[in-house]
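Report on the structure
One letter stands for each residue in the lines below.
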Amino acid sequence: MNEQPRRFLERVWRSVRQSPAAATAEQLIDLCDWLLSERGEVSSARIASDAVAAYEQLTERGRDVFFTKLVDDYGADADGVTSAMNQYRAH
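This structure is a prediction, so every number in the text was calculated from the model and none was measured. (Residues numbered from 1 in each chain as written. Predicted model: local features only at pLDDT ≥ 70, side-chain atom pairs only at ≥ 80, totals over all residues. Heavy atoms only, no water.)

Comments concerning the pattern of salt bridges
Under the definition given, this model contains 1 salt bridge. Between lysine 69 and aspartate 73 there is a salt bridge whose closest N-O contact spans 2.9 Å. One end of the pair, lysine 69, and the other, aspartate 73, are both in helix α4 (residues 60-74), 4 residues apart, so they sit about a helical turn from each other. Overall, the relative accessible area of 25% leaves lysine 69 in the partly exposed class. (Salt bridge = Lys/Arg side-chain N within 4 Å of Asp/Glu carboxyl O. Helix = DSSP H or I, 4+ residues; strand = E, 2+ residues; numbered from the N terminus. Buried < 20%, exposed > 50% of the residue type's maximum accessible area, 1.4 Å probe, protein only.)

So, the nonpolar core
Among the nonpolar cores identified, the biggest contains 12 residues, and these are Ala23, Ala25, Leu28, Ile29, Leu31, Cys32, Trp34, Ile47, Ala51, Ala54, Leu58 and Phe66. For this core, the secondary-structure elements that each account for two or more residues are α2 (25-37) and α3 (41-57). Ranked by residues supplied to this core, first place goes to α2 with 6 residues. Setting aside residues up to four positions removed in sequence, alanine 25 forms contacts with Leu58, Gly62, Val65 and Phe66. (Core = buried A, V, L, I, M, F, W, Y, C linked by side-chain atoms within 4.5 Å. Contact = heavy atoms within 4.5 Å.)

Distances and angles like these do not, on their own, reveal function.
Here is the structure:
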């Protein structure tokens, strides 16, 4: 594993492990981003477990922030989808 992803994972791991009650939506997004980029089965299982634990610690406001960020970062581009549908229909 090269150093950059390792340092990132260690930072995320420490932030969640040191204060699980204070998990933030941003920390959970970091875990989810890492989970999506990680390829190892064991580390993915551990990160997924940590992500679930962090989610459970979020307040209602934290969950709102988390889901809003998911939509903003990973949601489909509505204009792009509409354009693709129109092109498909035209052909």
